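Here are the chains, one letter per residue:
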Amino acid sequence: MAQVTDQAAPSDLCSKLRLTLSAYKLRDLDVFSKSDPMCVVYMYRDVLTGNPRKVEIGRTEIVKNCLNPEWSTTFMIDYYFEEKQQIIFAVYDADSKSRNLEDHDFIGMAEATVGDIVGAQGCTKLMQLTTQTGGNARRGELKVVAEEADDAVKEMVRVDCRGVKLDKKDLFGKSDPFLKWYRISGGISKLLVHQTEVIKKKLNPHWRPFEVSLQKLCGNDRNARIRIECFDWDNDGGHDYIGNCETTMERLLSKEDNELPLINEKKQEKKGKKYKDSGVLVFDSVTSKRYYTFIEFITAQTHLDFSLAVDLTASNGNPQTSNSLHFIGDFQMNQYQLACRAIADILQPYNPARVFEAMGFGAKIPPRGETSFCFPLNISQGYRVVGVEGLMAAYATCIQQVRLFGPTNFSPVVNRAAEIAAQYPKDGSRYQVLLIITDGIISDFEPTVHAIIGASYLPLSIIIIGVGNDDFSRMEDLDSDSQLLTMNGRTAQRDIVQFVALKDFFSKHSHVSQQFQLAHLAKEVLAEVPGQVSSYMNVNGIVPRPIERPPPLYPELNGQNNASPAAAPYPPAAPYPTGPNNMPPPPMPSAPVEF
């Protein structure tokens with residue numbers, strides 16, 4: 001089987017997809033025989049630079065005399081969840097071996113995003129072929145199937161180890177030991193693959209168990225050498241060497257190496273036969289498990305639900321004046337609209353129902369003019385809206401109906417999103433992404449931290465986008481990239497928050513148009529979501545459900561008399577928890593602020 005590879009620059013943040021193409025009931029353009037179809041695939045390059053280029057990725061082989069071709073040539077492309085990657089398929093009736101497409105008859109074309117394909121049932125997208133002018137003449141159907149192209153088994157290793165009777169290195173105390181794990185490459189060079197935390201003043205330390213991929217640890221070669229070095233941490237960076245040992249993952253998993261002496265070569269050379277070791281490394285548990293990827297869960301019909309929460313506090317300014325962050329002009333989106341559009345456009349293909357939740361907080365709402373910290377943007381119609389345009393319309397209408405007030409409390413909207421996520425089925429079929437757009441300093445920081453820590457155990461990710469020029473330093477504290485959120489003895493299960501300040505973002509991308517700013521913003525804030533989804537699933541032992549491809553367009557072409565059974569319907573939406581008047585009760589507010 002031939003394979004065409006997209007030559008775009010590789011990245012650790014992308015997945016490799018394999019696209020397989022087939023077509024049905026193509027229009028016959030030959031007089032005395034059937035068409036000889038081939039398909040040409042294009043993608044756009046340099047979209048984020050503001051100068052997109054349409055580039056041919058490759059072509060299938062020519063299938064002779066056939067209106068229902070199944071092409072064997074596949075296409076390898078890079079998939080970025082956080083980007084809107086446009087892909088075009090053009091089908092031709094080949095009249096010769098010429099590479100010039102003008103020498104062949106054009107049958108039809110189809111256009112989609114890679115997200116549309118991945119988000120379709122079973123990663124299988126069915127599209128009508130159309131003319132380049134968009135005519136209604138029937139041209140046939142195209143089927144595109146996407147599969148993750150990394151055929152290697154994804155395996156994670158979990159290690160629980162401790163030290164026993166390590167050498168004392170500090171003059172007036174004990175050692176502060178930590179471990180460095182290395183993969184030995186080419187028999188001589190070593191590559192650091194993991195470093196444990198430092199345990200202060202212990203000669204018998206027990207490090208936290210850690211997980212690392214088998215690929216990272218030993219290049220998927222269980223017999224590759226692994227070197228473990230133990231050091232005594234020093235504040236000045238001149239860490240004292242305690243000793244090392246070597247093993248292989250095969251020996252650790254088979255429990256042949258349950259205990260390994262740590263050897264300090266200089267001390268061994270100096271003391272000779274009197275030297276035994278500088279301590280012992282004990283492996284209490286070394287296990288491996290299959291790690292499932294984001295693509296595998298999406299292929300198995302994990303649906304991404306999207307919730308929006310908009311800051312409607314008085315610090316945004318009067319929406320009727322042009323200097324307000326909520327002012328809606330005729331020719332350009334405001335920062336709230338831009339942030340909402342950028343994120344929702346990317347997430348929409350992964351939600352077959354196209355139903356989103358839209359919330360506001362911090363405003364006085366009709367009919368009684370009471371302050372609410374979690375209410376529907378569609379004030380009288382409930383929280384749900386349909387599609388990106390429904391979100392934008394609900395926001396624009398809400399701005400005209402509410403009175404901006406305050407303070408800026410996040411915890412009610414985080415708690416509502418968590419309550420919804422808690423009611424999802426436990427089979428991994430649903431995952432929620434909450435987008436909070438705000439202009440100010442958070443007023444209920446501690447309750448919000450508590451809410452986020454609780455939400456970290458649920459199928460939920462939180463994106464916070466700061467608009468305007470306020471101080472967002474406390475928001476950075478919520479984005480716990482370096483260490484997990486902890487408060488009052490409670491620690492988050494995983495990092496679920498991503499924060500971006502638009503003022504910093506615009507300073508980097510002021511040279512491109514608003515259209516390309518949308519693409520840059522989505523890329524910056526959504527890059528962590530696939531890892532957060534797969535992290536939640538794997539931590540909770542959830543495996544992808546059996547893949548259900550859509551039934552064939554024309555069963556008779558496969559020698560079937562009846563269509564395949566219909567796929568399972570989209571899971572029913574989890575009921576939304578409500579309080580009086582269909583709204584959760586607000587928390588105790590701090591002093592209100594009004595313009």
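Details of the structure are given in the entry above.
Small disclaimer: the values here were computed from a predicted structure and weren't measured.

(A) View of the sheet that holds strand S4 (residues 53-59). Here 4 strands make up an open sheet; going across it, the order is S4-S3-S6-S7 and the pairing antiparallel. The open sheet is flanked by S4 and strand S7 (105-113), the only strands paired with a single partner. Strand-to-strand, the axes of this sheet are offset by a mean angle of 25 degrees, without reference to chain direction. Where strand S3 (residues 37-45) lies against S4, 6 bridges are found, and the strand directions are antiparallel.

(B) Representation of the nonpolar core. One finds Phe89, Leu312, Ile343, Leu521 and Leu526 to be the most contacted residues of the largest nonpolar core, which totals 89 residues. Top contributing element to this core by residue count: helix H6 (residues 335-347), with 9 residues. Residue-level mapping places this core at the junction of two domains, with at least three residues from each of domain 1 (15-148) and domain 3 (313-390 + 397-440 + 453-539). Once you skip the residues sitting within four places of it in the chain, Ile343 turns out to touch Phe306, Leu435, Ile463, Ile465, Ala522, Val525 and Leu526. Residues Phe361, Tyr383, Val449 and Ala492 belong to the second largest nonpolar core, which totals 36 residues.

(C) Seen up close, unusual backbone geometry. Backbone torsion omega between Pro366 and Pro367 reads 5 degrees, so that peptide bond is classified as cis. As for its placement among the helices and strands, Pro367 is situated in the loop between strand S20 (363-365) and strand S21 (370-372). Between Gly406 and the following residue, Pro407, the backbone shows a cis peptide bond with an omega angle of 0 degrees. One can find Pro407 in the loop between strand S24 (403-404) and helix H8 (411-422).

(D) Geometry of the sheet that holds strand S16 (residues 259-261). Read from one edge of the open sheet, 4 strands run S13-S10-S17-S16, paired in antiparallel fashion. A single partner strand is all that each edge strand has here, and the edge strands are strand S13 (210-213) and S16. Adjacent strand axes in the sheet meet at a mean angle of 35 degrees when their direction is disregarded. Here 10 bridges tie strand S10 (residues 155-164) to strand S17 (residues 280-290), and the two strands are oriented antiparallel to one another. In the sheet register, Val159 faces S17, and the bridge partner there is Val286.

(E) Local environment of the pattern of salt bridges. Per the counting criterion, the structure on display carries 22 salt bridges. The partner of Glu56 in a salt bridge is Arg99, and the shortest N-O contact between them spans 3.9 Å. You can see Glu56 sitting in strand S4 and its partner Arg99 sitting in the loop between strand S6 (86-93) and S7, a full 43 residues away along the chain. The class of Glu56 is partly exposed, set by a relative accessible area of 31%. Take Arg99: its relative accessible area is 58%, and that puts it in the exposed class. A salt bridge links Glu82 to Lys523; the shortest N-O distance between them is 3.4 Å. Remark: Lys523 occurs in helix H12 (residues 514-526) and Glu82 occurs in the loop between strand S5 (74-79) and S6; sequence separation between them is 441 residues. Accessibility expressed as a relative area gives 25% for Lys523, which makes it partly exposed. Each member of the salt-bridge network shares a partner with another, and the members are Arg225, Arg227, Glu229, Glu246 and Glu265.

Parameters at a glance
Residues numbered from 1 in each chain as written. Predicted model: local features only at pLDDT ≥ 70, side-chain atom pairs only at ≥ 80, totals over all residues. Heavy atoms only, no water. Pairing = 2+ DSSP bridges. Helix = DSSP H or I, 4+ residues; strand = E, 2+ residues; numbered from the N terminus. Axes fitted to C-alpha atoms, helices over the stretch in contact; angles between N-to-C directions. Core = buried A, V, L, I, M, F, W, Y, C linked by side-chain atoms within 4.5 Å. Buried < 20%, exposed > 50% of the residue type's maximum accessible area, 1.4 Å probe, protein only. Domains from an automatic or database assignment. Contact = heavy atoms within 4.5 Å. Salt bridge = Lys/Arg side-chain N within 4 Å of Asp/Glu carboxyl O.

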